[in-house]
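# Fold and contact review
Spelled out, the chains give:
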Amino acid sequence: MRPYHQIPIIECGEPLVKIPLELFAVESPHPYEKLGATYGEYSPYYLRETVVANLIKAQNYLHILRPHWHIQIFDGYRPVAVQQFMVDYSFGEALRQRGLKAAELSPQQQEEVWQAVYEIWAVPSLDLNTPPPHSTGAAVDITLVDDTGQVVDMGSPIDEMSERSHPDYYAHHHHPQSQNYHSHRELLKDVMLKAGFQRNPKEWWHFSFGDQMWAWLCNQFNADGSTSARYGRVI
Ligand SMILES: C[C@@H](N)C(=O)N[C@H](C)C(=O)O
Ligand SMILES: [Zn+2]
């Protein structure tokens, strides 16, 4: 359980709709499909209707500040089966990075590797009270593309299992390059928050609107703590 799982979900029944990809930049081929993840009825480029509308607003705000830049969509809707697939894949990656083999792990090593995986991935829970954020169609992983069509360097790749993924990792580094990374992360955050999203405190690229994490983050600023989630798992 994460603290945001305490938030009640009052499902509003809004449909998943396709993101109008022609308005955005898109990571292609899709990073998880490339690894073999399979999507049923929907694709990763679906989100709840209001979430799509807010993403368009965020990009319009970006255009005021950086006229020819775009939000790049990395990942949107993710069925629980894909969440499980990516958690298992990331466990394998974490082993590979450490030069370890699954069959030879001590209980402590196993614990440490799972902790690293769950530092950035939500548990692929099938419990309707604790859905993975992307399985609600309310969460989106994004970055920025500049006016030359280049992906903007944020100082670490999306999904890296390290402290560099923390949004403020570069905030107190004084090297000019680090300050650039931080200001790019701030730009992305500013346009998304202005459009109503909240950012995952552990990942510079993950934003959501209307899910439990979003409500929990809104409640950090609302003294009455009255915000609930409007999107549960897409069934
Ligand atoms: C790891 C990243 N792609 C992501 O989406 N993380 C959040 C916490 C999730 O799994 O929902
Ligand atoms: Zn995410």
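Residues numbered from 1 in each chain as written. Chains lettered and ligands numbered in written order. Predicted model: local features only at pLDDT ≥ 70, side-chain atom pairs only at ≥ 80, totals over all residues. Heavy atoms only, no water.

## So, the UniProt feature "site: Transition state stabilizer" (unreviewed entry) in the chain
- Mapped onto the present numbering, the UniProt feature "site: Transition state stabilizer" (unreviewed entry) falls on Arg-78.
- Considering the arrangement of structural elements, one finds Arg-78 in the loop between strand 4 (70-75) and helix 2 (80-98).
- For Arg-78, a relative accessible area of 3% translates into the label buried.
- The residues contacting Arg-78, other than those within four sequence positions of it, are Tyr-32, Tyr-39, Gln-83, Trp-121, His-134, Ser-135 and Asp-141.
- Within polar-contact distance, the side chain of Arg-78 engages the side chain of Gln-83 at 2.8 Å. (UniProt positions renumbered as here; feature names shortened; annotations may be inferred. Helix = DSSP H or I, 4+ residues; strand = E, 2+ residues; numbered from the N terminus. Buried < 20%, exposed > 50% of the residue type's maximum accessible area, 1.4 Å probe, protein only. Contact = heavy atoms within 4.5 Å. Polar contact = N/O pair within 3.5 Å; in protein donor to acceptor, adjacent residues only side chain to side chain.)

## Remarks on the sheet that holds strand 4
- Read from one edge to the other, the open sheet built from five strands follows the order 2-4-5-7-6, with strand pairing classed as mixed. A single partner strand is all that each edge strand has here, and the edge strands are strand 2 (25-26) and strand 6 (198-199).
- When strand 2 meets strand 4, the two strands line up parallel, connected through two bridges. Bridged to Ala-25 within strand 4 is Gln-72.
- Along the sheet, helix 4 (residues 176-194) contacts strand 4, strand 5 (139-145), strand 6 and strand 7 (206-208); its crossing angle with strand 5, the most-contacted strand, is approximately 130°. (Pairing = 2+ DSSP bridges. Axes fitted to C-alpha atoms, helices over the stretch in contact; angles between N-to-C directions.)

## Section: the pairing of strand 4
- Counting buried residues in strand 4 gives five out of six residues, a clear majority hidden from the surface.
- Of the pairings in the sheet, the one linking strand 4 to strand 5 comprises five bridges and is antiparallel in character. Residue pairing across strands places Ile-71 opposite Leu-144, the latter belonging to strand 5.

## Describing the coordination of the zinc ion (ligand 2)
- Taken together, the protein donors to the zinc ion (ligand 2) comprise His-134 (NE2), Asp-141 (OD), Asp-141 (OD) and His-206 (ND1), at separations of 2.0 to 2.7 Å.
- Considered as a linear motif, the donors of the zinc ion (ligand 2) on their single chain read H-x6-D-x64-H. Of this pair, His-134 sits in the loop between helix 3 (107-120) and strand 5 while His-206 is found in strand 7, placing the two residues 72 residues apart along the sequence. Across the pair, His-206 and His-134 agree in class, each one buried. (Donors = N, O, S within 2.8 Å, 3.2 Å for Na, K, Ca; no water.)

## What about the site of ligand 1?
- Of all residues adjacent to ligand 1, which total 14 residues, the nearest are Arg-78, Gln-83, Ile-120, Ala-122 and Asp-159.
- Separating a nitrogen atom of ligand 1 from a side-chain N or O atom of Tyr-32 is a distance of 3.3 Å.
- Between ligand 1 and the protein, one listed contact pairs an oxygen atom with a side-chain N or O atom of Arg-78 at 3.0 Å. (Near = heavy atom within 4 Å.)

## Focus: unusual backbone geometry
- Backbone torsion omega between Ser-28 and Pro-29 reads 0°, so that peptide bond is classified as cis.
- Secondary-structure assignment places Pro-29 in the loop between strand 2 and strand 3 (46-48).
- One non-glycine residue, Asp-159, lies in positive phi territory at about 80°.
- Inspection of the secondary structure puts Asp-159 in the loop between strand 5 and helix 4.
- For Asp-159, a relative accessible area of 18% corresponds to the buried category.

## Structural notes on the UniProt feature "active site" (unreviewed entry) in the chain
- UniProt's feature table lists "active site" (unreviewed entry) at Glu-203, given in the numbering used throughout.
- With respect to the helices, strands and loops of the structure, Glu-203 is situated in the loop between strand 6 and strand 7.
- Residue classification places Glu-203 among the buried positions, given a relative accessible area of 3%.

## Focus: the packing of helix 1 (residues 49-65) against helix 4
- Their axes nearest at 8 Å, the elements helix 1 and helix 4 cross at an angle of 130°. Between helix 1 and helix 4, the angle is such that the two are oblique. Along this stretch, helix 1 crosses helix 4, giving a crossing that reads as right-handed. Side by side, helix 1 and helix 4 meet where Leu-55, Ala-58, Tyr-61, Leu-62 and Leu-65 of the first sit next to Leu-187, Val-191, Met-192 and Lys-194 of the second.
- Of the residues belonging to the contact of helix 1 with helix 4, the class tally is eight nonpolar, no polar and one charged. (Parallel < 35°, antiparallel > 145°, perpendicular 65-115°, else oblique. Left-handed = near helix turned anticlockwise from the far one by under 90°. Nonpolar A, V, L, I, M, F, W, Y, C, P; charged D, E, K, R; others polar.)

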